[in-house]
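# Observations on the three-dimensional arrangement
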Amino acid sequence: MKTKIGYFIPQFPGQTHIFLWRERQFLAELGIETDLVSTQPPPRAIASHVWAEEAQKNTIYLFPFAAKDFINSFLEVLKAGPAAWWQCLAVIAKARDTSLFEKVKLLALVLVAGKLARLTKTKGWSHIHVHSCANSANIALFNSILTGCTYSITLHGPTLEVYGSNQEQKWKNAAFAIVISQLLLNDVKNKLANFLPKQLAVAPMS
């Protein structure tokens, strides 16, 4: 039986995503089936690869939110129960490097995670890999609380800071993490020393 995972790439397919397309094909050869999920479609100007049209047709987008999405996502959050609600609120409260406005945005991402939770269940994903450490990782983190589905992240660079706040909890709660260079590995070890997952590897992109 094949392993089936969610393959979460923000604004997919973009100009720099050819190596992700190849990685997905390689995973298929290893017997890992990947369902493409993304935040939103990219601007037309950067969806320029010959395979971009096929990729978009096969990608599920979390945005824009339709009216039914609000209802279904809210129901998924409700079904997760009080323990999950409190865990999500605890994540938001513990986000030390966030302003009040950013905490409100994190609360809104719980609802987005509700949409991802519905997909996780209907698609039968055992895991979600996020090719980002920005808000997509926050959504995957909240989804893991709502559904129990594990997630992992990839840090592409150029620096950790460009991926926003709440890095400590994004990394701490990940099943594993990948960075694309030794330089980035040294950087995250220095900045997130007590919050790194047990499995942390370097995997250059080519």
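Description of the structure in this document. (Residues numbered from 1 in each chain as written. Predicted model: local features only at pLDDT ≥ 70, side-chain atom pairs only at ≥ 80, totals over all residues. Heavy atoms only, no water.)

## Quick notes on the overall build of the protein chain
Put simply, the rule reads: Elements are defined by DSSP. Helices are runs of H or I of four residues or more, strands are runs of E of two residues or more, and each kind is numbered from the N terminus. Our radius of gyration looks at C-alpha atoms and nothing else; its globule reference is 2.2 Å times the residue count to the power 0.38. Each residue gets one of three labels from its accessible area relative to the maximum for its type: buried under 20%, exposed over 50%, partly exposed in between, using a 1.4 Å probe on protein chains only. Should any heavy atoms of two residues lie within 4.5 Å, those residues are considered in contact. All accessible-area figures derive from a Shrake-Rupley calculation using a 1.4 Å probe, and residue coverage is judged against the displayed protein chains alone.
Counting its secondary structure elements, the protein chain contains eight helices and seven strands. The C-alpha atoms of the protein chain give 16 Å as radius of gyration, which agrees with the globular expectation for 206 residues (17 Å, within 12%). Counting over 206 residues, the protein chain shows a buried share of 47%. Expressed as a percentage of contacts within the protein chain between residues at least 6 apart in sequence, the contacts between residues at least 24 apart total 67%. Here the protein chain displays about 10,700 Å² of accessible surface, and carbon together with sulfur accounts for 60% of that area.

## Notes on the layout of surface pockets
In this approach, a probe sized like a water molecule rolls over the atoms, and the result shows the empty space that is left. Heads up, the condition is: The rule is simple: put a 1 Å grid over the protein atoms alone, call a set of points where a 1.4 Å probe fits but cannot get out a cavity, call an open set with protein on both sides within 12 Å along at least five of seven lines a pocket, and count a residue as lining if it has an atom within 4 Å of a point. Grid points are joined across faces, edges and corners, and a volume is the space filled by probe spheres set on the points. The classification used treats Ala, Val, Leu, Ile, Met, Phe, Trp, Tyr, Cys and Pro as nonpolar, Asp, Glu, Lys and Arg as charged, and all other residues, Gly among them, as polar.
Space inside the largest pocket adds up to approximately 360 Å³. A class-by-class count of the residues in the lining of the largest pocket yields 10 nonpolar, nine polar and one charged. Forming the boundary of the second largest pocket are 18 residues, of which Tyr7, Glu23, Leu27, His131 and Met205 lie nearest the centre. Breaking the lining of the second largest pocket down by element, the ones donating at least two residues are β1 (3-8), α1 (18-29), β4 (127-130), β5 (150-155) and β6 (176-179). Classifying every residue of the lining of the second largest pocket gives 10 nonpolar, six polar and two charged.

## Brief notes about unusual backbone geometry
What is expected of a backbone is that most residues other than glycine have negative phi and most peptide bonds are trans. Across the junction of Phe63 and Pro64, the peptide omega takes the value 0 degrees, indicating a cis bond. Among the secondary structure elements, Pro64 is positioned in the loop between β3 (59-61) and α3 (67-80). In this structure, the amide linkage connecting Gly157 to the following residue, Pro158, adopts the cis form with an omega of 10 degrees. Among the structural elements, Pro158 can be located in the loop between β5 and α7 (167-172). Positioned with a positive phi, Gln11 is a non-glycine residue whose angle comes to about 45 degrees.

## Thoughts on the sheet that holds β5
Put simply, the rule reads: By this definition, two strands are paired if DSSP reports at least two bridges between them. Between N-to-C directions, angles span 0 to 180 degrees; the directions come from axes that are lines fitted to C-alpha atoms, helices contributing only their stretch in contact.
The seven strands lie next to each other as β3-β2-β1-β4-β5-β6-β7, forming an open sheet whose pairing is parallel. Strands at the two margins of the open sheet, each flanked by one partner only, are β3 and β7 (199-202). Neighbour-to-neighbour, the strand axes of the sheet open up by a mean angle of 25 degrees, direction not taken into account. Packed on one face of the sheet, α1 meets β1 and β2 (32-38) and runs near 150 degrees to β2. Contacts between helix α6 (residues 135-147) and the sheet are confined to β1, β4 and β5, with β5 contributing the most and set at about 165 degrees to the helix.

## Structural notes on the pairing of β1
For β1 and β2, the ladder comprises six bridges, and the chain directions are parallel. Bridging across to β2, Thr3 finds its partner in Ile32. Two elements, β1 and β4, share four bridges in a ladder whose sense is parallel. Of the residues in β4, the one forming a bridge with Tyr7 is His129.

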